[in-house]
Amino acid sequence: MRNAIGSLGPSSYLRFVTTRPAYSQVHPYSPIPQQCNKLVLDWSSVNVDGFPFCRLPLPQLDRRQCGDTREAELLFVSDSSRMVWENNITPHDLSVDWLNDQLYVLGLADGSALWQVIRCGLDGSGITVAVAGFVTKPHHMEVDPYNGYLFWVIQGPVGGGLYRLDLADISNGVKHEVIPDQILSSPHLGAFTVDHTSFRILVPNQLENTVVAVSLDGHEVTDIRSNTQQPQFHNVISLAMANGLFYQLDQRRTYCTDRGVPCGQDSYFHNLVYTDAAKPSFVSISVNLPSSQPVPVPVNPPTAVQAVLGSHTAKTSWTQPHLLGGQGKGAWQGWWYQLSVRDVEADTVEEWGEINATYYTVSDLRPGREYVVRAAAYTTAGMGPWSSEFRGKTLRHSTGVPPTILWSAAEGLLQSDVTGERVETLIHRDNLKDRIGYHHITDIAWYRDQLYLVSNTSHVTVVQPDKSRTRPSA
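Residues numbered from 1 in each chain as written. Predicted model: local features only at pLDDT ≥ 70, side-chain atom pairs only at ≥ 80, totals over all residues. Heavy atoms only, no water.

(A) Main features of the packing of aromatic side chains. Considering all chains together, one arrives at six aromatic pairs under this definition. Three or more aromatic residues joined by ring pairs form one cluster here, namely Phe134, Trp152 and Tyr163. Sitting over the ring of Trp386, Arg374 keeps its end group 4.4 Å from the ring centre. (Phe/Tyr/Trp six-rings, centres within 6.5 Å; stacked < 30°, edge-to-face > 60°. Lys NZ or Arg CZ within 6 Å of the ring centre and 35° of its normal.)

(B) Layout of unusual backbone geometry. If you check the backbone angles, Phe199 has positive phi at about 60° while not being a glycine. Here Phe199 shows up in the loop between strand 12 (193-195) and strand 13 (200-205). On the accessibility criterion, Phe199 (30% relative accessible area) is partly exposed. One non-glycine residue with positive phi stands out, namely Asp347, at about 55°. Locating Asp347 in the fold gives a position in the loop between strand 23 (336-343) and strand 24 (348-355). (Helix = DSSP H or I, 4+ residues; strand = E, 2+ residues; numbered from the N terminus. Buried < 20%, exposed > 50% of the residue type's maximum accessible area, 1.4 Å probe, protein only.)

(C) Inspection of the nonpolar core at higher detail. Counting 22 residues, the largest nonpolar core has Trp318, Leu339 and Val341 as the members making the most contacts within it. Sorting the residues of this core by element identifies strand 21 (303-309), strand 22 (314-319), strand 23, strand 24 and strand 26 (370-379) as the ones contributing at least two each. Of all the elements, strand 26 adds the most residues to this core, at four residues. Listed in part, the 17 residues of the second largest apolar core include Tyr104, Trp115, Val131 and Trp152. (Core = buried A, V, L, I, M, F, W, Y, C linked by side-chain atoms within 4.5 Å.)

(D) Main features of the sheet that holds strand 30 (residues 412-417). As summarised here, the arrangement of the three strands in space is 29-30-31, forming an open sheet in which the pairing is antiparallel. The open sheet has two free edges, formed respectively by strand 29 (404-409) and strand 31 (424-428), since each of these has just one partner strand. Ignoring strand direction, the axes of neighbouring strands in this sheet form an average angle of 25°. Note that strand 30 and strand 31 share four bridges and pair antiparallel. Its bridge partner lying in strand 31, Leu413 is registered against Ile427. (Pairing = 2+ DSSP bridges. Axes fitted to C-alpha atoms, helices over the stretch in contact; angles between N-to-C directions.)

(E) Expanded view of a nonpolar patch on the surface. A cluster of nonpolar side chains, namely Ile405, Trp407 and Val423, defines an oily patch on the protein surface of about 230 Å² accessible area. The topology assignment puts Ile405 in strand 29. Classification of Ile405 as partly exposed rests on a relative accessible area of 35%. (Patch = residues over 30% accessible without salt bridge, like charges linked within 9 Å, V, L, I, M, F, W, Y side chains within 5 Å. Areas by Shrake-Rupley, 256 points an atom, 1.4 Å probe, with all protein chains shown as cover. Salt bridge = Lys/Arg side-chain N within 4 Å of Asp/Glu carboxyl O.)

Now the structure itself:
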C-alpha cells in the first residue's frame, strides 16, 4: 500500500542420607503479623549432601506437611499448631507454585465441616480461597503452574476420583458457573505426582496395586507399573519421581523406592529403606531436582507481530505465544521477549532483550528504509522460535508539514503523528456541545482543505484547520 508520503507495511546418581538430628541447623523466619505465620527453612542450611531427599526429625509435631520451592531455596513445613497458617484454618497439605511464588494450603476452616484450599503469596500476603466446599477431605492436592491446573484426589465410593481446576478460574472461591473437572473416576486413588513436562499425572490405583499415567484431560490412562515385582502401591500417602523412578511413603510411614532391574528387562522392584513402623518419622516426600519444578521454554512463537513506522521510530507489538492444546488458561506465561529489527538496505540487525511486555518502541531508524521485524519469547530455561516477519518502510524525511493522524476520543478531536505521539487537541469536547448535550464524532473525512465530522446527532461539522474555526452544516 502506498500514499503520497511513502510505502506502508501490512542422568544423575542417588545417595541416601539423613539430616542431623538437631534443630540447630534450621533457622525459622519471623512470623508474619496478623495474616499468616510460617516456618520457612532455608534449604541451604539443611545438610543434605547432594541427595534430593531430606528427613526432618520433628518429634514434637504430630501433623506435618511439607512443600518446597527450588528457585527461592525455601522449604515450608506445617504442624498442628498452625506454624504455617493462622487464618482460621488448620493446614493438612501444602503445595508450592514455584513459577508464581504462591503457596496452596488444604485445610478445614474453624467452625465448619467443609474443607477448602487457600492460596497466598510466599510471604503470606494476598490470601485467596482457591476452591471450597469439600464435604470429604481431599487425600492429596498439588498445583501445576506449568500447565495451569490445581489437581486433587477424593477417596471413597461417593465422588471418588482425580479432579482438576483451571488456575484461571480461581477468583476468591470458584465461580458459580465453573465446575471442576473429574478427569478420572475411581474410589481407590492414592497420593499422586505431576509429570509436568510430559503433561500427565502419575497416580496409584491402590485397588489394582499399580500406578497409572493420566493425561491432563483424562482421556488417556496408561498402566506404567504393571510389571513391578511385589508392588507396594496399596496405601500411598506421598509420591515423588526422580529420573524415572518412584519414591513413596505408605500409611506405615515406610520409605520405599522402585528401581529398574539392570538386565535389559522392563521390570521394577521395591527397595524398603525405612522399616520402623512403630516410630513413624515421614509424612511427605519431595524431590529437589530441576525436573520437579521446571521452568517452561516457549514452544510456539509470538503471533500477530506488527509495527507502525514513522520517519525515525517504530512502535512494535505482538501477542503471546499460543499455549499447547492440553494446557489450561492459567498456565504460566510470564515470558521475556527478544525483538529483532533488520535494515534491509544496510543488511544490519539490531536486537533488544529483557522486554517484559508485548510491545516495544524502536528509535533511531533511518527515513525511507525498509525494515524487517520479528520477536521471540524466552525464559531462563531457553528461547522459543522466532515469529514470522513483519516488513515495513519508514516514512521519508519531510521538509514541510509532517504527516499527521486525526482521531476522535472522549476529549474531542485529537491530532498526533503517525505513531500516535505528540498528541494535541484540535477541538475540545466543549465545542461539540449544544442544548441537547455533547456530540460524539462517529466518522471523519477530508475534502480539499476542509474536514467533515459526522456526529451521533446526525449533524455534520465542517472544520477548516488552517483558519481554526468550525461551522455546522445540515
